[in-house]
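Descriptive analysis of the structure
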Amino acid sequence: MNSTTLKRSISLPALFLYGLGTMVGGGFYALSGKVAGMAGMAAPLSFLIAGVLAFLNVFTFAELASRYPVSAGEAKYAQEAFHYPWFSGLVGWLVILTGVVSAATLSVATIGFLQDLITVPEAIGITVLVILMGIVCAWGIGESVKVVLVITLIEVGALCYILFSKGENLGQIPNILSDLETHFSSGFPLIGILSGAFLSFYAFIGFEDMVNMAEEVKNVKKVLPKAMILAVICTTILYLLVSTTMVLTVAPDILAMANAPLAKIIEGDGTTVEFIFLLISVLTGINGALVQIVMSSRVLYGLGKEKKAPRFLSGINAKTRTPIKATVFATALVLVLALFFPLVGLAEATSFIILIVFTVLNIALIHIKKREKEIPKGIKNYPIGLPYTALITCIALLIFKIVQ
């Protein structure tokens with residue numbers, strides 16, 4: 001029996017930045033222009049709707065993570081709620097699918113960013129990139145998190161630069177609102193806004209990944225919920241400010257056609273700044289994909305440990321103290337998806353799958369809370385109305401996408 005355990009090395013600041021890095025990154029850098037193309041000047045409203053949805057769901061994950069702080073957390077939550085091993089295993093595999101599809105999305109986006117810098121054959125670029133990211137993830141969790149934290153600081157700094165550089169455009173908001181009121185009087189673009197919200201929700205995916213780091217977090221029952229909630233709040237505020245600045249600076253239809261829409265809005269700041277933003281866009285894609293591969297490998301490890309996936313995936317390397325076999329498996333899946341599917345299709349597939357997972361886990365938490373006679377000590381306990389509200393919003397957005 002393998003007695004080697006995962007190393008608890010992640011503190012609150014590191015986990016908060018890790019969570020921020022799972023959300024603020026390639027998804028927003030690659031898809032914000034596409035959202036603007038769908039929702040037009042109302043793109044910030046799409047991001048706000050997606051942010052509210054993420055905020056509602058983060059409390060469900062925070063409470064479940066406090067109750068059951070383990071890797072492959074989502075599968076554990078389903079098992080504790082419903083007591084069907086096959087169903088909890090299915091939930092775990094859905095989470096893995098979300099992670100690898102998301103990592104594939106970001107890999108494709110990264111090569112798209114890179115195409116604005118140099119000519120790179122797409123298939124070769126994707127293959128080299130995914131393999132290198134797999135090596136970093138297998139290297140060690142401390143090393144992986146350090147890489148993620150450094151890139152997170154850079155990408156958040158780039159968004160802050162946009163607010164500093166183009167922030168005077170926010171003064172146009174009263175005029176824009178007046179124009180929008182006139183424009184929308186003939187028909188509010190609800191379909192475009194909701195379509196944009198569905199796509200932009202991809203840019204919030206990541207906070208749920210934090211629960212799968214539970215066995216590597218110090219003081220996990222207190223630190224994990226706090227880090228998750230703070231990460232979602234900060235991400236929502238940042239997205240709302242930057243997306244507003246974007247549509248006030250460059251026309252939405254132009255943003256929609258750009259590989260790197262954030263680089264488009266600072267074109268007037270000089271070629272050096274443009275180059276730096278393109279380079280940062282590449283880093284954000286790498287950062288997000290790294291996080292998703294790390295998450296997927298941890299869920300594979302957890303499922304293997306509970307015999308809901310091949311047992312060999314639960315092996316931990318004694319030197320790196322990481323699940324190398326699970327990492328290799330996740331990396332291979334990412335590579336296949338990235339080579340054969342387009343960017344927007346991958347992003348929408350990720351959003352759809354994760355909303356199904358969120359729906360299941362909201363039901364799970366409601367079931368757990370309703371059947372217990374007293375609240376266990378030492379856990380985070382939020383009002384039961386929160387998972388009910390989150391459940392309704394998840395189902396509503398899923399129905400909208402299906403009908404659409």
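Rules and cut-offs
Residues numbered from 1 in each chain as written. Predicted model: local features only at pLDDT ≥ 70, side-chain atom pairs only at ≥ 80, totals over all residues. Heavy atoms only, no water. Patch = residues over 30% accessible without salt bridge, like charges linked within 9 Å, V, L, I, M, F, W, Y side chains within 5 Å. Areas by Shrake-Rupley, 256 points an atom, 1.4 Å probe, with all protein chains shown as cover. Salt bridge = Lys/Arg side-chain N within 4 Å of Asp/Glu carboxyl O. Helix = DSSP H or I, 4+ residues; strand = E, 2+ residues; numbered from the N terminus. Buried < 20%, exposed > 50% of the residue type's maximum accessible area, 1.4 Å probe, protein only. Phe/Tyr/Trp six-rings, centres within 6.5 Å; stacked < 30°, edge-to-face > 60°. Expected span 1.5 Å × (residues − 1). Bend = angle between axes of the 7 residues up to and from the residue. Core = buried A, V, L, I, M, F, W, Y, C linked by side-chain atoms within 4.5 Å. Contact = heavy atoms within 4.5 Å. Axes fitted to C-alpha atoms, helices over the stretch in contact; angles between N-to-C directions. Parallel < 35°, antiparallel > 145°, perpendicular 65-115°, else oblique. Left-handed = near helix turned anticlockwise from the far one by under 90°. Nonpolar A, V, L, I, M, F, W, Y, C, P; charged D, E, K, R; others polar. pLDDT = per-residue confidence, 0-100.

Turning our eyes to something else, we now look at a nonpolar patch on the surface. On the surface, a nonpolar cluster with roughly 330 Å² of combined accessible area is contributed by Leu45, Leu48, Ile49, Val52 and Leu240. Top element by residues in the nonpolar patch is helix H3 (residues 43–67). It accounts for 4 residues. On the accessibility criterion, Leu48 (34% relative accessible area) is partly exposed.

With that out of the way, let us pick up the packing of aromatic side chains. Each aromatic ring pair is characterised by the separation of its centres together with the angle its planes make. With the rule as written, the count across this model stands at 15 aromatic pairs. A connected cluster of aromatic rings, assembled from ring pairs, spans Phe28, Phe47, Phe204 and Tyr239.

On to unusual backbone geometry, then. The phi angle at His83 is positive, at roughly 60°, despite the residue not being glycine. Positionally, His83 belongs in the loop between helix H4 (73–82) and helix H5 (85–115).

All right, on to helix H2 (residues 26–39) then. Along an α-helix, residues three or four apart share an orientation, since each turn contains 3.6 residues. Look at H2: 20 Å from first C-alpha to last across 14 residues, which is about the 20 Å you get at 1.5 Å a residue. Along H2, the helix axis deviates most sharply at Ser32, where the bend reaches about 40°. Across the 14 residues of H2, 11 count as buried, placing the element largely inside the fold. Those residues of H2 lying buried are Gly26, Gly27, Phe28, Tyr29, Ala30, Leu31, Ser32, Gly33, Val35, Ala36 and Ala39. The positive-phi residue at the C-terminal boundary of H2 is Gly40, with phi of around 65°.

Right, let's talk about the pattern of salt bridges for a bit. Scanning all chains against the criterion turns up 6 salt bridges. Ionic pairing is found between Lys369 and Glu63, a salt bridge with its closest N-O pair at 3.0 Å. Here Glu63 lies in helix H3 and Lys369 lies in helix H15 (residues 343–371), a separation of 306 residues in the sequence. Each member of the pair, Lys369 as well as Glu63, carries the same accessibility label: buried.

This paragraph deals with the nonpolar core. Membership of the largest hydrophobic core comes to 126 residues, with the highest contact counts inside it found for Leu15, Phe28, Leu159, Phe201, Phe207 and Leu262. Ranked by residue count, the leading element in this core is helix H13 (residues 271–305), at 14 residues. Contact partners of Leu262, with chain neighbours within four places excluded, come to Phe28, Tyr29, Ser32, Leu159, Ile162, Val242, Met246 and Phe277.

Moving on to the packing of H5 against H15. H15 packs onto H5 with a crossing angle of 155° between their chain directions and a minimal axis gap of 9 Å. By the angle between their axes, H5 is roughly antiparallel relative to H15. Taken as a pair, H5 and H15 cross one another with a handedness that is left-handed. Residues Phe87, Val91, Leu94, Val95, Leu97, Thr98, Val101, Ser102, Ala104, Thr105, Val108 and Ala109 of H5 touch H15, and the partners they reach there are Leu343, Leu346, Ala347, Ala349, Thr350, Ile353, Ile354, Ile356, Val357, Val360 and Leu361. Taken together, the residues that form the contact of H5 with H15 break down as 19 nonpolar, 4 polar and no charged.

Looking at the protein chain, the pLDDT average stands at 83 and 89% of residues meet or exceed 70. Confidence scores differ between elements of the protein chain, with helix H8 (residues 173–184) showing the lowest mean pLDDT of 60 and helix H16 (residues 385–403) the highest of 94.

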